[in-house]
Protein chains: 2
Amino acid sequence: MLATRLKHQIEEKYWIVGERLPSIRVLCVTYGHSKNTVIKALHILESENVIEARARSGFYVSLQAANIAPTHQKIKFLRPIKVNVPEIFQDIMDRSAAFDILPNEPLAPPSSSLITLHRHINNAMRFQANKKAMYYDEPQGSLVLRNQLQDDYRHNGLSLSSEEYCITSGCQQSLFLALMVTCQPGDNVAVESPGFYGVLQLLQQLQLNAIEIPSSPTTGVDIDIFESALKKWNIKALVVTPAFATPTGATMPTEHKKNLISLANQYDIALIEDDIYADLGFMERPFPLKSLDTENRVILCSSFSKSLSRDIRVGWIIGGRWQKDIVKLKLVTSLANSQATQIGLASFLKNGHYKRHINQKRLILKQQRDQLITNIQRYWSNSVHFSIPNGGLALWIKLDSKINTQTLYYQALERKIILTPGSLFSVEDRFHNFIRLSFNHPSIGNRKNALKILSNLCVDR
Amino acid sequence: MLATRLKHQIEEKYWIVGERLPSIRVLCVTYGHSKNTVIKALHILESENVIEARARSGFYVSLQAANIAPTHQKIKFLRPIKVNVPEIFQDIMDRSAAFDILPNEPLAPPSSSLITLHRHINNAMRFQANKKAMYYDEPQGSLVLRNQLQDDYRHNGLSLSSEEYCITSGCQQSLFLALMVTCQPGDNVAVESPGFYGVLQLLQQLQLNAIEIPSSPTTGVDIDIFESALKKWNIKALVVTPAFATPTGATMPTEHKKNLISLANQYDIALIEDDIYADLGFMERPFPLKSLDTENRVILCSSFSKSLSRDIRVGWIIGGRWQKDIVKLKLVTSLANSQATQIGLASFLKNGHYKRHINQKRLILKQQRDQLITNIQRYWSNSVHFSIPNGGLALWIKLDSKINTQTLYYQALERKIILTPGSLFSVEDRFHNFIRLSFNHPSIGNRKNALKILSNLCVDR
């Protein structure tokens, strides 16, 4: 049957993801079938999501046909671990925060939205310049920005007053504040596994123990296993990224979020929500976990670093029942933020520039995701598996189990190629054959070539 | 004798500080003495620093004639205290950070140096805008700024490489990092008394105990008492402001600094140096304690908030033997700073704008200090005492011992006048009849009037 034959060829990477299939006329000639048979086969494949029709363009191998992976790994023991991030990881972490396989490559000129943002900040700097130079920002951050944020979150299912927001210098500071007010040294904190290494570093600094909860690359943290951990251990907080978690890009189904809220209420724990990737959803912006919060125990942490600019240093935290302590801790540990930046940013948001920017960015990121997948399939053939996130900035890729990606990291580094080895995303000995690759930059030119070099390094060993 | 008579009149505030004495001719007529006798009397007063001659202008009542106070208070018990800053202080602390008696009064237009600074930052924002938006700043902060800082400190007796500097978002963050890497919850930290309340708040947040070391309003922390505390208690660190400490404006003599370094070496403690006011010296910029450091155990903390702008959020820390841990802690708790701001600031410094700015600012602050003293003497007469700092931003004023300045604070607040009550500068029950008043703004117009209202409030009770 033609459909089976084509499907097999797609599985074998004869046709790769995102590639356009030949025209119906060519398919008839190639496979010696009638036009009707070809059309019927294509429709079967389309109904199975193996290919997709694009208006006035033809049939393309769809993403669903990619090597979606059983990246779910069993955890040997569910237990609290004193976090000790190896010194050797420090260097890797510093470099890989860039989300760029070739950080020395030239970049595109700045987008018009970035230029507009700078104009707004520059205007804010000039307005009442002496007042800003002479007085510190208020402890919670500029009211004008908090008002704008609460207004924007209202469209995402979160109805809170601006008093419930506190501006920070980024999501990492928000996470620090959240962990510091909810936990004491020696406490147990549950984290996703694989999960964001910045959180693991924080646990180490604050002398907190990590309990790694397995996290599915598609639906996020495993609720049942989390519940069994709650039964067994005294847990103070769970740090969770419900939308497009790094490294997997997993997004929690609404049902899972509701269950999580119930568990938190039942076991009296804090839920620390990392919302930083939520605006980078290709199809939709998932509602925050905070919007389902019934007992004010979700602390939402986020920033504009991934969606707009890493250099404006503006994040926020919604502290729930810990809000007062959070504001005090922020004041005492960092005093204030830049008023000019906040006011400029608020005016940028108010005028709709961010909405336009993010709509465009989503389209570009989706294209770049597909580009990255196409190239990975081209160069690695069947030897890799990955899940396909519908947002965020990265793919979580499982290589051949014989490959140690820490070793691969150093081999790649010699060629100035930067990847993020999987073992960074766990404090247990896990994910040694995984890497995170970002689609924050287009996989073209030298960056595309770097992927080819990387695949060769995987084969050569 | 005429000299004694004039001196008595000055003590009685018949002539107030900074006031010009009548001409020699007028003095002859007024006091019925010969010209020679008057000149002789004036020279006696000049030799005793009661008055000073100013070229082509005449004789002025000198600052030394002001009510220099025995503000040195005995500490009842020298002991570690669990810090618990009363909730009621939070509001006061938030407001008084402004260093302005009338925060709603209009301010002068921004200085040309502030406008120049903004131009430099704006230029830096535009340059490689996409690179800045896409990549976080390096963990230690921009090299170009660190290079500039180490170069500037070289002129102040500190020869260190830029590797030994780490950029922060302000002095408060630097102090937080310093305390966090040197101490564990439950440890004892020595502080100046009176001392900066921001440090007391930090001790509370980090669960550290304070040992208050009496601090002279002229020479700072009492070295002998500190030594006796070191003998008695296990102390991890001393937080000290050797140059123009707040609230007193005290500056440590070099000999004291050397003794402090010896003690730190002998007892194996960290010296956390708050250098934030050092550039605001009217006569000279004192050499930092760090420049005398022999065992790399001084951690220098500072920022541009008091000297240039509170809104650019750029501070620094020189971490000594703890540098590596400090950089790691900064990365983990706040990730990064704004590259554009740092690069713009570095270029502002490099072009000599800061030097010009600070030279001008010193003159203005000295004038404003004299203005404040004149007004205090005018309105309070003999009922107040204060020391006269040669730098910094504030006077530390001792009122009648019956006055409780916390009560006064709320009475003044009803009239929209902000003062900082003395009890904020100690965790013991001390300084209840002290206030800190800043000369960061000119004491003219409504601000002058506010001083008059304040003095009436002191009398009315």
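Only a predicted model underlies this, so the values are computations on that prediction, with no experimental measurement involved.

*Asks:* Could you clarify how one ought to interpret the overall build of chain A in this entry?
*Replies:* Scanning chain A for helices and strands turns up 16 helices and 15 strands. Computed over the C-alpha atoms, the radius of gyration of chain A is 23 Å, within 12% of the 23 Å expected from 2.2 N^0.38 for a compact globule of 461 residues. Dimensions of chain A along its principal axes, counting C-alpha atoms only, are 80 × 55 × 45 Å. Out of the 461 residues belonging to chain A, those deemed buried represent 62%. Excluding contacts between residues fewer than 6 apart, the proportion of contacts in chain A whose partners are at least 24 apart in sequence is 74%. Put simply, chain A shows about 18300 Å² of open surface, and 50% of that area lies on carbon and sulfur atoms. Between the averaged position of the 53 positive side-chain charges in chain A and that of its 40 negative side-chain charges there is a distance of 5 Å.

*Asks:* Just to check I follow, could you spell out helix α12 (residues 323-334) of chain B for this structure?
*Replies:* Side chains three or four residues apart in an α-helix point the same way, a direct result of the helix having 3.6 residues per turn. Residues and elements named next belong to chain B. Compared with the 16 Å implied by 1.5 Å per residue over 12 residues, the 16 Å span of α12 between its first and last C-alpha is a close match. Of all 12 residues that make up α12, 10 are buried, and the element is covered over most of its length. For α12, the set of buried residues is Gln-323, Ile-326, Val-327, Lys-328, Leu-329, Lys-330, Leu-331, Val-332, Thr-333 and Ser-334. Note on α12: the residue one or two positions beyond its end, Leu-335, has a positive phi of about 65 degrees.

*Asks:* Any chance you could explain the relation of the copies chain A and chain B here in plain terms?
*Replies:* The operation linking the two copies of the chain is a rotation about an axis combined with a translation along the axis. Aligned on chain B, chain A shows an RMSD of 0.2 Å; the corresponding rotation is 180 degrees and the shift along the axis is 0.1 Å. A rotation of that kind, with that shift, is consistent with a two-fold axis. Measuring from the rotation axis to each C-alpha of chain A, the shortest distance belongs to Asn-122 of chain A, at 3.2 Å. Residue by residue, 100% of the interface of chain A is reproduced at the interface of chain B, so both copies engage with the same surface.

*Asks:* Help me understand the pairing of strand β11 (residues 315-318) of chain A in this model?
*Replies:* The side chains of a regular strand alternate, residue by residue, between the two faces of the sheet. Residues and elements named next belong to chain A. Residue alternation in β11 divides its side chains into two sets, Gly-315 and Ile-317 and Trp-316 and Ile-318, and both sets are buried. Judged from the 4 bridges that link them, strand β4 (residues 165-168) and β11 form a sheet pairing that is antiparallel. Following the sheet pairing, Thr-168 is matched in β11 by Gly-315. Direction of pairing for strand β10 (residues 298-303) relative to β11: antiparallel, over a ladder of 4 bridges. Bridging from a neighbouring strand, Ser-302 pairs with Trp-316 of β11.

*Asks:* Whenever I open this one, the sheet that holds strand β13 (residues 394-398) of chain B confuses me. Can you help?
*Replies:* Strands belonging to one sheet form pairs held by backbone hydrogen bonds; the direction of such a pair is parallel or antiparallel. All names here are of chain B. Strand order in the open sheet formed by 4 strands is β12-β13-β15-β14, and the pairing between neighbours is antiparallel. Strands with a single pairing partner mark the edges of an open sheet, and in this sheet they are β12 (385-386) and β14 (420-421). Bridge count between β12 and β13: 2 bridges; the pairing is antiparallel. Bridge pairing in β13 places His-385 opposite Lys-398. Relative to β13, helix α14 (residues 353-380) is tilted by about 20 degrees, and along the sheet it contacts β12, β13 and β15 (434-438).

*Asks:* So what exactly am I meant to see when it comes to the domain arrangement of chain A here?
*Replies:* Interface size is commonly expressed as the accessible area that is lost once the parts come together. Residue and element names in this part refer to chain A. According to the domain assignment, chain A consists of domain 1 (2-65), domain 2 (80-86 + 112-353) and domain 3 (362-460). Computed from C-alpha atoms alone, the centre-to-centre distance between domain 1 and domain 3 is 27 Å. On the side of domain 3, 9 residues touch domain 1, which itself brings 6 residues to the contact. Both sides together, the interface formed by domain 1 and domain 3 hides about 730 Å², and carbon and sulfur atoms give 58% of it. The interface formed by domain 1 and domain 3 includes 0 salt bridges. Between domain 1 and domain 3 we count 0 residue pairs in polar contact (both at pLDDT 80 or more) in total. Within the side of domain 1 that touches domain 3, the residues separate by chemical class into 3 nonpolar, no polar and 3 charged.

*Asks:* Would you explain helix α1 (residues 2-11) of chain A in this entry?
*Replies:* All names here are of chain A. Looking only at α1, the buried set comprises Leu-2, Ala-3, Leu-6, Gln-9 and Ile-10. Each buried residue of α1 lies within a common arc of 130 degrees when the element is viewed along its axis, so the set occupies one face. At its buried positions, α1 is contacted by α2 (24-31), α3 (35-47), β1 (51-54) and β2 (58-61).

*Asks:* Mind showing me how you'd approach unusual backbone geometry here?
*Replies:* All names here are of chain A. The peptide bond linking Ser-193 to Pro-194 adopts the cis configuration, its omega dihedral lying at 5 degrees. Within the secondary structure, Pro-194 is located in the loop between β5 (188-193) and α9 (197-205). Note the cis peptide between Thr-246 and Pro-247, where omega equals 5 degrees. One non-glycine residue, Arg-313, adopts positive backbone phi at about 55 degrees. Looking at the secondary structure, you find Arg-313 in the loop between β10 and β11. On the accessibility criterion, Arg-313 (8% relative accessible area) is buried.

*Asks:* Even after reading the chapter, I still don't get the interface of chain A and chain B, so can you show me in this structure?
*Replies:* The interface of chain A with chain B comprises 60 residues on the first partner and 60 residues on the second. Here chain A and chain B share 0 salt bridges between them. Among the elements that line the side of chain A that touches chain B, the one with the most residues is helix α12 (residues 323-334) of chain A, at 7 residues. Tallied by class, residues from the side of chain A that touches chain B come to 28 nonpolar, 20 polar and 12 charged.

*Asks:* Would you mind going over the sheet that holds strand β13 (residues 394-398) of chain A with me for this structure?
*Replies:* All names here are of chain A. One open sheet accounts for 4 strands, arranged β12-β13-β15-β14; its pairing is antiparallel. Each end of this open sheet is capped by a strand with a single partner; those strands are β12 (385-386) and β14 (420-421). Sheet topology note: the β14/strand β15 (residues 434-438) ladder contains 2 bridges and is antiparallel. By the bridge assignment for β15, Thr-420 is matched with Arg-436. Sitting on the sheet, helix α14 (residues 353-380) touches β12, β13 and β15, and the angle it makes with β13 is about 20 degrees.

*Asks:* Any chance you could explain the environment of Lys-7 of chain B here in plain terms?
*Replies:* Residues and elements named next belong to chain B. Relative to the helices and strands, Lys-7 is located in helix α1 (residues 2-11). Judged by its relative accessible area of 30%, Lys-7 is partly exposed. Considered as a pair, Lys-7 and Ile-51 are 44 residues apart in the sequence and their alpha carbons are 9.0 Å apart. Discounting chain neighbours no more than four positions away, the residues touching Lys-7 are Leu-45, Glu-48 and Val-50.

*Asks:* Mind showing me how you'd approach the pattern of salt bridges here?
*Replies:* Working definition: two side chains of opposite charge can pair if their charged atoms are close together. Residues and elements named next belong to chain A. Here the structure, examined in full by the defined rule, presents 28 salt bridges over all chains. The partner of Arg-146 in a salt bridge is Glu-163, with the nearest N and O atoms 3.5 Å apart. Separated by 17 residues along the polypeptide, Arg-146 in helix α7 (residues 143-154) and Glu-163 in the loop between α7 and β4 bring together distant segments of the chain. On the basis of relative accessible area, Arg-146 is assigned to the buried category, the value being 1%. A residue is classified by how much of its surface remains accessible, and Glu-163, at 46% relative accessible area, is partly exposed. One connected set of salt bridges, linked through shared partners, spans Glu-138, Arg-146 and Glu-163.

Conventions adopted
Residues numbered from 1 in each chain as written. Chains lettered and ligands numbered in written order. Predicted model: local features only at pLDDT ≥ 70, side-chain atom pairs only at ≥ 80, totals over all residues. Heavy atoms only, no water. Helix = DSSP H or I, 4+ residues; strand = E, 2+ residues; numbered from the N terminus. Rg over C-alpha atoms; globule rule 2.2 N^0.38 Å. Buried < 20%, exposed > 50% of the residue type's maximum accessible area, 1.4 Å probe, protein only. Contact = heavy atoms within 4.5 Å. Areas by Shrake-Rupley, 256 points an atom, 1.4 Å probe, with all protein chains shown as cover. Lys, Arg positive; Asp, Glu negative; His and termini not counted. Charge placed at Lys NZ, Arg CZ, Asp CG, Glu CD. Expected span 1.5 Å × (residues − 1). Least-squares fit on C-alpha atoms with pLDDT ≥ 70 in both. Pairing = 2+ DSSP bridges. Axes fitted to C-alpha atoms, helices over the stretch in contact; angles between N-to-C directions. Domains from an automatic or database assignment. Buried area = accessible area lost by both parts, 1.4 Å probe. Salt bridge = Lys/Arg side-chain N within 4 Å of Asp/Glu carboxyl O. Polar contact = N/O pair within 3.5 Å; in protein donor to acceptor, adjacent residues only side chain to side chain. Nonpolar A, V, L, I, M, F, W, Y, C, P; charged D, E, K, R; others polar. Arc of directions from axis to C-beta.

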